[in-house]
Amino acid sequence: MKNFICLILCVLIVSASLSVLSASAVDDQALVFDPALTAEIDAFNAQLRLAADFEVNIITRDFLGGKNVRTFTNQTLESFDSSSSGNLLLVMVIGEDSYEVALGSNAMTHISHDKVERLLSDTFRVPFLRRDYNEAVASFLVRLGEILQAQTGFSLPESSRLPAFARQEPVRFPMEATKPQDDNGIIRLGSIFENFSHN
């Protein structure tokens, strides 16, 4: 009997550990995000949580089955546990080209709902409507991070790839730094045929 109880306890502990490890700020049921962006959002959240007890959660759905997106967003935020007062919840309904945001009470001490709406309008709306969901979310989060920095000291780490997803950094190609130059410093463009040997 003791072995059976120990086995049950082990299973419960392992499953609880796995649920914590798999917990993500992103619930991408519409499958629109690059997995690397999801990892960046989780890293962004971990730092934001430490700096300001603030977290961004993002949910994507294809459709809501006729339910109003604002009602769904508010009800979803309310259904989170009591620690969700620091949450900003962004819901994206891909098949309906709609989105909504809701804020917990602690989140509203850092940023107002009106300011978040303006931020979405300025950074998120255009790429969202052209269906570039990675850029839409990354642009929103980069700008949100800049706004929160003044209040909380939070800042994106140098290693963050969110600005790249937001297309705020130039794309650097690996060959860019290794292009051959002649004696005058002029970059010599190679030929696609120069690697072929002639018999």
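Residues numbered from 1 in each chain as written. Predicted model: local features only at pLDDT ≥ 70, side-chain atom pairs only at ≥ 80, totals over all residues. Heavy atoms only, no water.

Caption draft 1: Main features of the packing of helix α2 (residues 35-52) against helix α5 (residues 133-152). Viewed as axis vectors pointing N to C, α2 and α5 meet at an angle of 15°, and their least axial separation amounts to 12 Å. Classified by the angle their axes make, α2 and α5 are roughly parallel. Along this stretch, α2 crosses α5, giving a crossing that reads as left-handed. Listed contacts from α5 to L37, I41, F44, L48, A51 and A52 of α2 are N134, V137, A138, L141, G145, L148 and T152. Taken together, the residues of the contact of α2 with α5 sort by class into 10 nonpolar, 3 polar and no charged. (Axes fitted to C-alpha atoms, helices over the stretch in contact; angles between N-to-C directions. Helix = DSSP H or I, 4+ residues; strand = E, 2+ residues; numbered from the N terminus. Parallel < 35°, antiparallel > 145°, perpendicular 65-115°, else oblique. Left-handed = near helix turned anticlockwise from the far one by under 90°. Contact = heavy atoms within 4.5 Å. Nonpolar A, V, L, I, M, F, W, Y, C, P; charged D, E, K, R; others polar.)

Caption draft 2: Geometry of α2. With 18 residues, α2 ought to run about 26 Å at 1.5 Å a step, and its terminal C-alpha atoms sit 25 Å apart, in line with that. Buried within α2 we find L37, T38, E40, I41, F44, N45, L48 and A52. Along α2, the residues classed as buried sweep out an arc of 155° about the axis, all on the same side. Along α2, the residues that are exposed and aim more than 90 degrees away from the buried face are P35 and L50. For α2, the elements touching its buried residues are β1 (26-28), β2 (55-61), α5 and α6 (162-165). A side-chain oxygen of the first residue of α2 lies 2.7 Å from the backbone nitrogen of A36; this N-cap is D34. Backbone geometry just after α2 places D53 at a positive phi near 50°. (Expected span 1.5 Å × (residues − 1). Buried < 20%, exposed > 50% of the residue type's maximum accessible area, 1.4 Å probe, protein only. Arc of directions from axis to C-beta. Polar contact = N/O pair within 3.5 Å; in protein donor to acceptor, adjacent residues only side chain to side chain.)

Caption draft 3: Representation of unusual backbone geometry. Phi angles above zero are rare outside glycine, and L31 is one such case at about 55°. Within the fold, L31 resides in the loop between β1 and α2. Its identity as a non-glycine residue notwithstanding, R131 has a phi of 70°, on the positive side.

Caption draft 4: Local environment of α5. Across its 20 residues, α5 extends 27 Å between first and last C-alpha, which sits within 8% of the 28 Å expected from 1.5 Å per residue. With 14 of its 20 residues buried, α5 lies for the most part within the structure. Of the residues flanking the end of α5, it is G153, one or two places downstream, whose phi is positive at about 80°.

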